[in-house]
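Each chain is listed here by its residues.
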Amino acid sequence: MLHILLITTRRDSIGSFIEGLSSDPEVHLELISAGAEAQSLVRTRCPHLVIVDSTAEDLDSFDLVRRIIGVNAMVNTAVASALSDEDFHDRGEGLGILCRLPPEPGRNDSKALLQKLRDLTGIG
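Residues numbered from 1 in each chain as written. Predicted model: local features only at pLDDT ≥ 70, side-chain atom pairs only at ≥ 80, totals over all residues. Heavy atoms only, no water.

Enquirer: Give a detailed account of the environment of histidine 3, specifying residues and quantitative values.
Expert: Summarising the element assignment, histidine 3 is placed in strand β1 (residues 2–7). Leaving out residues up to four positions away in the same chain, histidine 3 has contacts with His28, Glu30, Arg45, Cys46, Pro47, His48 and Leu49. (Helix = DSSP H or I, 4+ residues; strand = E, 2+ residues; numbered from the N terminus. Contact = heavy atoms within 4.5 Å.)

Shown next as structure tokens:
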């Protein structure tokens, strides 16, 4: 079973993305809104993937990814971002981010993300 942690303060506006992830019977999805809570959960529960959408603290997504991998470098991450592919690559270089999600991810994005994660981990 894949354990996924989604950090977001926009549960309503990305509902189809959340539904796409949680409807998969092989996925355990946790929703939180605080980056500090994410760091604690990464330390104690070691999810397979942390998705950074938005936080209550308005932390920069890349700074939060740095903090997360500082706690556990083995955790995979994905980031929702409006940056172009080139700018995203430049900002996230060296962070090992699995992929960039669109700013308003939907059900198809959840399916594609799960496939990438399954290909990487061999789980599911």
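Enquirer: Please provide a residue-by-residue account of the sheet that holds strand β2 (residues 27–32), values included.
Expert: Read from one edge to the other, the open sheet built from 5 strands follows the order β2-β1-β3-β4-β5, with strand pairing classed as parallel. The open sheet terminates on both sides in strands that have one partner only, identified here as β2 and β5 (97–101). When strand polarity is set aside, the average angle formed by the axes of neighbouring strands in this sheet is 20°. Strand direction decides the pairing type here: β1 and β2, joined by 6 bridges, are parallel. Bridge pairing links histidine 3 to histidine 28 in β2. Running over the sheet, helix α3 (residues 61–71) touches β1, β3 (49–52), β4 (76–80) and β5 and is turned about 160° from β3. Each of β1, β2, β3, β4 and β5 touches helix α5 (residues 107–121); the most contacted strand, β5, lies at about 170° to it. (Pairing = 2+ DSSP bridges. Axes fitted to C-alpha atoms, helices over the stretch in contact; angles between N-to-C directions.)

Enquirer: Tell me about α3, residues and numbers included.
Expert: Within the span of α3, buried status applies to Ser61, Phe62, Leu64, Val65 and Ile68. Down the axis of α3, the buried set is contained in an arc of 155°. They therefore lie on one face. On its buried face, α3 is in contact with β1, α2 (35–45), β3, β4, α4 (85–92) and β5. The opening residue of α3, the one whose side-chain oxygen lies 3.0 Å from the backbone nitrogen of phenylalanine 62, is aspartate 60. (Buried < 20%, exposed > 50% of the residue type's maximum accessible area, 1.4 Å probe, protein only. Arc of directions from axis to C-beta. Polar contact = N/O pair within 3.5 Å; in protein donor to acceptor, adjacent residues only side chain to side chain.)

Enquirer: So, the environment of glycine 94: which residues are in play, and what are the values?
Expert: In this fold, glycine 94 is placed in the loop between α4 and β5. According to the relative accessible area criterion, glycine 94 is exposed, its value standing at 74%. Note: C-alpha distance between glycine 94 and arginine 66 (28 residues apart in sequence) is 9.7 Å.

Enquirer: Go over the packing of helix α1 (residues 15–22) against α5, please, and point to the residues and values.
Expert: Following both chains from N to C, one finds α1 and α5 inclined at 40°, their axes separated by 7 Å at the closest point. On the basis of their axis angle, the class for α1 and α5 is oblique. As α1 runs across α5, the sense of the crossing is right-handed. Residues Ser16, Phe17, Glu19, Gly20 and Leu21 of α1 touch α5, and the partners they reach there are Arg107, Asp109, Ser110, Lys111, Leu113 and Leu114. Here the residues of the contact of α1 with α5 are counted per class, giving 4 nonpolar, 3 polar and 4 charged. (Parallel < 35°, antiparallel > 145°, perpendicular 65-115°, else oblique. Left-handed = near helix turned anticlockwise from the far one by under 90°. Nonpolar A, V, L, I, M, F, W, Y, C, P; charged D, E, K, R; others polar.)

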